[in-house]
Amino acid sequence: MNAPSSTCPCGSGLRSERCCALQLAAIPPAEATRHLVPLVERAVQAYQQGAKDVAEQLCLDVLELAPDRPGALSVLYSIRKEQGKAAAAEALLRRLVHFDPNNFDATNELALLLMRKGALGEAEIHARNAIRIAPQAAQAHNLMGMIMTEAQRPRLGEYHYREVLKIAGTRDPIVLANLAWCLKNQGRMEEARALYEESTAAAPEIRETLLGWARLEEADRNFDSAAEKLDRLEAFSPNDPAATLTRAVVLGRMKRHDEALALLDRQAVAESAGGGIGLGATELSEKGRFLDQLNRHDEAWAAFVEGKRLAREIGGNAYLDPVADNLISRLRGFFMSGRLSLLPRAGVRTDVPQPIFVLGFPRSGTTLVEQTLSAHPAISAGDELPLINDIVNIMPRMLNSPLTYPEALAELWMGDQRDGLDNLRDYYLQKVAQMDVVEPGASWFTDKMPLNETHLGLIALLFPASPLIHVIRHPLDVMISSMANHFTHGFFCASALETAALHFVRVSELVAHYRNEMALRYLPVRYETMVTNQEETVRQILDFAGLPFDGNTLRFHENRRYARTASYAQVTEPLYDRSLYRYKHYRKHLGPAIEILRPIIERLGYTVD
Amino acid sequence: MSIDVPLPLIDVLTLAARLEAEKNFAFADRLLRRALDVAPDEPDALHLSGIVDFRMDRREEALAKIERAIAHGVDIRLYLRNISEVYRALGRFDDAVAAARRAAALAPDDPVCLHNLAVIQYHRLELDDCIATAEAALKIDAFMPGPHFQLAEALLLRGEWARGWEEYQWRFDLPGNAPLMPPTTQPRWDGTPFDGGVLMLIADQGFGDVIQFARYIPWAATLCPHIAVAAAPEVVPFLRQVYPQANVFTEWRHAPPFKAFRALSGLPMLHGTRPDRMIGTEPYLRADPARVEAWKEKLDRLTPRSKRRIGIVWAGRPTHNNDRWRSAGLAAFAPLAAVPGIALVALQKGPAASQASTYFGAAPLVNMGAEIGDFEDTMAIMESLDMVVTVDTSVGHVAAAMGKKTFILIARAPDWRWLLERSDTPWYPSVTLFRQTVTGDWSVPMAAAAKAVAASQ
């Protein structure tokens, strides 16, 4: 009576009903399948002895009968991981952690896997669990340090790295290098350099250490010193692809694009000759950007497209279309003027610095705006603060709600949650204080997390007096930049041109909805005007924030603060208008995006030429 | 519904005309399309189908069909009469007046043709012609309300209010106008004082009219102290303010017994108002202080305090019969948005409010429309504004009746109350008028208003 089952699309080799479509009720009690224990033991043994086919078959047999057996899940995970079946490996590992929550190694492994694919929020959850399981394990703290550093909370990362050093009682060179990278991300270049020196003195031939150090020097604009670190690396690891890429980046920043390109091309030839696949996704994007600089636009586009294809293939990240659609339609449904008139607003704190939100699609110029504003003595740069997303996640718990965001906001009507927004606001401000982003004397700090405009309604409830600066740029230029860079924001929309366009449309319409339904302290700012008439735009923004004009903001490229996002190399250069309407060079490749974006392009006041 | 039995064309047209009159446009449309399939040049079918297209907002198609009907001609004067209406709706006043003239020439005894011509002449501000045409129509049919009303509008606009008010009475007889009140045997008040009994006033027409004419209630109360006012709920706060003793009610079942009645808009006539004999020119509306505080706190949060706050409204109620010509759209406010040192506070309500989400101008704009619940909110916000710039709609009257500095942008052929040419108005001393020089083109008055805003620091 059941339709014949097929194997699970994740590639585990199990039937769907025993894999990704598993229902908890279908799992037999442990004692009913105890006779399978010897089979699991044989599988482990076979795997260790290298008889992987035998181990695999045994695991599939066991999991068909007992889909929750940790041993079998663990062995099958290892096999699939070795085979490069990323989706299957991830599914199996998740299941293993689910059924065996105190498994320290598996929890660590999962956190690491999630971090590598850019799912930092989820990675954090598992890294925290690993510390709960084993608070004295240096490995867990190291992982937490890495994730927090990647998640742009380097202060927190620093704490956990220092815990590692304390627990281990030694100054492990790799942990020192990790800590150095973390400090570099805080702009503490001198301290980071000292740690790299200490690390390489103890262990001179560690690839990642030298790469990190080279990137530090590159960011600090010591290009010769960066090259010297790469020379050291290539002395023991010739033709290292990452070293080549970094060298190319350094050359690119010195405007030696031809040489940079030649370097990458040589690398591609060497890789292919060695049986490799050629350049990786990041290298291809970098190559495309060099080609773009050299006005070789068709070749650049080809490199971008290939880079995206490889990134999808390796990372397995595609736009989470239904998830995005669901959230956005629920936000539209919830944030209606009738309901908003009944919801409270958080009070405005005057005792601590307040956020200025710099909103925009990734690659819209939010970094430029932040760098400019933070050159003002009253404004500190907060960078991409992940806190609004955090609040979205913890809201049900904070408001004691059975519902998720945004519906959980309905708890604000309960007598005991009237101050719920104040609590969420204070959570945000407290985290900001912990991150130590506000400089002495500043009364404002920026939060430029891209796509925070998705949560414009929530932000306005939490910070009703905060300026909302929305950076707007020609959507087709944003698309070019989305193709030329890899980012995970926006439900992985940038994994393909069409999905980036689709997400752009969805978010634009959502912003229009918020603007219709709420009175907001909202100022749209055009990137193009910022570039062509910088002073006027800066004055406009500062005036809007109620701050006097300050001449430093016009010399923002002298602001030594290191912005850690993809735009940093551009904002450390004076404004130039090369970045305006770049899409015209790529017009013929943009057909599918234009079709999707046309109404929004018009609404934003742009044209397609 | 489907028709399988072929009908004679005359029956199809009769049926379609009936369906059109019953507003069953979709079915009339299907029927006429089938008829045109069989007889593509049949002028009556083309004409009627064009009318149906027009009703369904397919104006260009309507025009094309009626033009073909005229080319193939049967009842050409009827076609011309109707096509002039289509031209007028499309803003093609030259074509409209030409068609209406031809229709009137072909049918010199048809008052409808003359009435249409008078309407178009008003739009073209050819007021002498308009008055003459309306009078010609009335020579044929002295009791036709349309030409009387057109005559009233032209006279009032020219400031000839004595005769204008008389003709203005005909507005109650215009086809399609809802009755003023449930049937009554009580007399219409003629301005004679009385004490023993209630004077029933009906707050008729748009909200702006109610605000403008509410000033007459204290005057009426000097003649008849017991006053009841029938009103829409939205305008109740205004009526309570101008005469707190009035019994204001919103549903006829709550109406008290009354001795005589009168529409509020009929009081200027009884009072004998003339441009140089006005009453109620002192501010007569004010905001509730508690609400003022709450809205001020909100505005201080949402707009930079250093900026002058300019309230704006860019569209009126879309069901107003002249809305197409009086509403501007937010895009037309671009010259104002470029004035330095100001913040725009959008007070717009209704469907046009959504234009706020497409605003990307230089001056910050805060969209209060979404949070405004009623006119009391609007009044409370006014107290925190430096001035108001608006098209000819009720918010302008609110601001003006509060004595707020108000710029009103009006169509080339404006509502009669704004008179001709002058930039001030006897109704409200704090108002400055900015007039279109070309129908449908807001750029000239908007540029002038922006300049005046910039100069009024």
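Residues numbered from 1 in each chain as written. Chains lettered and ligands numbered in written order. Predicted model: local features only at pLDDT ≥ 70, side-chain atom pairs only at ≥ 80, totals over all residues. Heavy atoms only, no water.

Participant: Provide a residue-level description of the overall build of chain B, including the pertinent values.
Facilitator: What chain B contains, in helices and strands, is 20 helices and 10 strands. Against the globule reference of 23 Å for 457 residues, chain B gives a C-alpha radius of gyration of 25 Å, in line with a compact fold. Dimensions along the principal axes, computed over C-alpha positions, put chain B at roughly 70 × 60 × 45 Å. Looking at chain B as a whole, 57% of its 457 residues are labelled buried. Considering only contacts in chain B between residues 6 or more positions apart, those separated by 24 or more positions represent 65%. In the structure as shown, chain B presents an accessible area of about 19300 Å², 54% of it carried by carbon and sulfur atoms. Across chain B, 49 positive and 54 negative side-chain charges occur, with their mean positions spaced 4 Å apart. (Helix = DSSP H or I, 4+ residues; strand = E, 2+ residues; numbered from the N terminus. Rg over C-alpha atoms; globule rule 2.2 N^0.38 Å. Buried < 20%, exposed > 50% of the residue type's maximum accessible area, 1.4 Å probe, protein only. Contact = heavy atoms within 4.5 Å. Areas by Shrake-Rupley, 256 points an atom, 1.4 Å probe, with all protein chains shown as cover. Lys, Arg positive; Asp, Glu negative; His and termini not counted. Charge placed at Lys NZ, Arg CZ, Asp CG, Glu CD.)

Participant: A description of the overall build of chain A should follow, citing residues and the corresponding values.
Facilitator: Looking only at helices and strands, one finds 29 helices and five strands in chain A. Scaling as 2.2 N^0.38, a compact globule of 609 residues should have a C-alpha radius of gyration of about 25 Å, and chain A matches this with 26 Å. Expressed as lengths along the three principal axes of its C-alpha atoms, the size of chain A is roughly 75 × 65 × 55 Å. Of all 609 residues assigned to chain A, the portion counted as buried reaches 57%. Long-range contacts, defined here as pairs at least 24 residues apart, represent 69% of the contacts in chain A between residues at least 6 apart. Roughly 25200 Å² of accessible area belongs to chain A as shown, and the carbon and sulfur atoms make up 52% of that amount. Taking the average location of the 67 positive side-chain charges in chain A and that of its 76 negative ones, the two points are 2 Å from each other.

Participant: Describe the sheet that holds strand 3 (residues 444-447) of chain A, listing the residues and the values that go with them.
Facilitator: Hydrogen bonds between backbone atoms are what pair the strands of a sheet, whose relative direction is either parallel or antiparallel. Residue and element names in this part refer to chain A. Pairing in this open sheet of five strands is parallel, and the strands run 2-3-1-4-5 from one edge to the other. With one partner strand each, in any of the chains shown, strand 2 (379-381) and strand 5 (522-526) form the two edges of the open sheet. Neighbour-to-neighbour, the strand axes of the sheet open up by a mean angle of 25 degrees, direction not taken into account. Pairing geometry for strand 2 and strand 3, over three bridges, is parallel. By the bridge assignment, alanine 381 is partnered in strand 3 with threonine 446. The sheet strands contacting helix 27 (residues 534-544) are strand 2, strand 4 (468-472) and strand 5, and the helix crosses strand 5 at an angle near 170 degrees. (Pairing = 2+ DSSP bridges. Axes fitted to C-alpha atoms, helices over the stretch in contact; angles between N-to-C directions.)

Participant: Give a description of the confidence of the model for chain B that names residues and reports values.
Facilitator: With 99% of its residues at a pLDDT of at least 70, chain B reaches an overall mean of 92. Looking at the elements of chain B, mean pLDDT is at its lowest for helix 16 (residues 323-326) of chain B, recorded as 81, and at its highest for strand 10 (residues 431-435) of chain B, recorded as 98. (pLDDT = per-residue confidence, 0-100.)

Participant: Give me the domain arrangement of chain A: which residues, what numbers.
Facilitator: Once the domains are mapped, chain A shows domain 1 (1-100), domain 2 (102-315) and domain 3 (321-344 + 353-385 + 441-603). Centre-to-centre separation of domain 1 of chain A and domain 3 of chain A, based on C-alpha positions: 45 Å. (Domains from an automatic or database assignment.)

Participant: Residues and numbers for the packing of aromatic side chains, please.
Facilitator: All names here are of chain B. All chains considered together, the criterion is met by 28 aromatic pairs over all chains. Measuring from ring centre to ring centre gives 5.5 Å for phenylalanine 249 and tryptophan 252, while their planes differ by 75 degrees; the resulting arrangement is edge-to-face. A relative accessible area of 31% means that tryptophan 252 is categorised as partly exposed. Clustering of aromatic rings is evident, with ring pairs tying together Phe149, Trp161, Trp165, Tyr168, Trp189, Phe213, Tyr216, Trp219, Trp416 and Trp427. (Phe/Tyr/Trp six-rings, centres within 6.5 Å; stacked < 30°, edge-to-face > 60°.)

Participant: Explain the side chain of His271(B) residue by residue, including any values.
Facilitator: Residue and element names in this part refer to chain B. Tracing the chain through its elements places histidine 271 in helix 14 (residues 267-271). Using a relative accessible area of 9% as the deciding quantity, one classes histidine 271 as buried. In this structure, histidine 271 is in contact with Tyr216, Trp219, Arg277 and Ile279, ignoring residues within four places of it in sequence.

Participant: Describe the pairing of strand 6 (residues 342-346) of chain B, listing the residues and the values that go with them.
Facilitator: Residues and elements named next belong to chain B. Of all five residues in strand 6, five are buried, a share of seventy percent or more. Burial along strand 6 is two-sided: Ile342, Leu344 and Ala346 and Ala343 and Val345, pointing in opposite directions, are all buried. Pairing of strand 5 (residues 308-313) with strand 6, which is carried by five bridges, proceeds in the parallel orientation. Within strand 6, the position partnered with isoleucine 312 by the bridge is alanine 346.

Participant: How would you sum up the packing of helix 23 (residues 475-484) of chain A against helix 29 (residues 591-603) of chain A? Please name residues and give values.
Facilitator: Residues and elements named next belong to chain A. Look at helix 23 against helix 29: their axes get within 10 Å of each other, and the N-to-C directions meet at 140 degrees. For the element pair helix 23 / helix 29, the angle class is oblique. Of the residues in helix 29, those touching helix 23 at Pro475, Leu476 and Met479 are Ala593, Ile594, Leu597 and Ile601. Residues belonging to the contact of helix 23 with helix 29 are distributed by class as follows: seven nonpolar, no polar and no charged. (Parallel < 35°, antiparallel > 145°, perpendicular 65-115°, else oblique. Nonpolar A, V, L, I, M, F, W, Y, C, P; charged D, E, K, R; others polar.)

Participant: So, the interface of chain B and chain A: which residues are in play, and what are the values?
Facilitator: At the junction of the two partners, chain B supplies 21 residues and chain A supplies 23 residues. Here chain B packs against chain A, burying approximately 1900 Å² in sum over the two surfaces, 51% of which is carbon and sulfur. Joining chain B to chain A, the criterion identifies two salt bridges. In this structure, Glu371(B) engages Arg345(A) in a salt bridge whose closest nitrogen and oxygen atoms are separated by 3.6 Å. Summed over the shared surface of chain B and chain A, the number is nine residue pairs in polar contact (both at pLDDT 80 or more). Looking at the side of chain B that touches chain A, the elements with two or more residues in it are helix 15 (289-302) and strand 7 (365-367) of chain B. Here the element with the most residues in the side of chain B that touches chain A is strand 7 of chain B; it accounts for three residues. A class-by-class count of the residues in the side of chain B that touches chain A yields 12 nonpolar, six polar and three charged. (Buried area = accessible area lost by both parts, 1.4 Å probe. Salt bridge = Lys/Arg side-chain N within 4 Å of Asp/Glu carboxyl O. Polar contact = N/O pair within 3.5 Å; in protein donor to acceptor, adjacent residues only side chain to side chain.)

Participant: With reference to specific residues and values, describe the pairing of strand 4 (residues 260-263) of chain B.
Facilitator: Residue and element names in this part refer to chain B. Neither face of strand 4 is exposed, since Ala260 and Arg262 on one face and Phe261 and Ala263 on the opposite face are all buried. Strand direction decides the pairing type here: strand 1 (residues 199-202) and strand 4, joined by four bridges, are parallel. Directly across from leucine 199, in strand 4, lies its bridge partner alanine 260.

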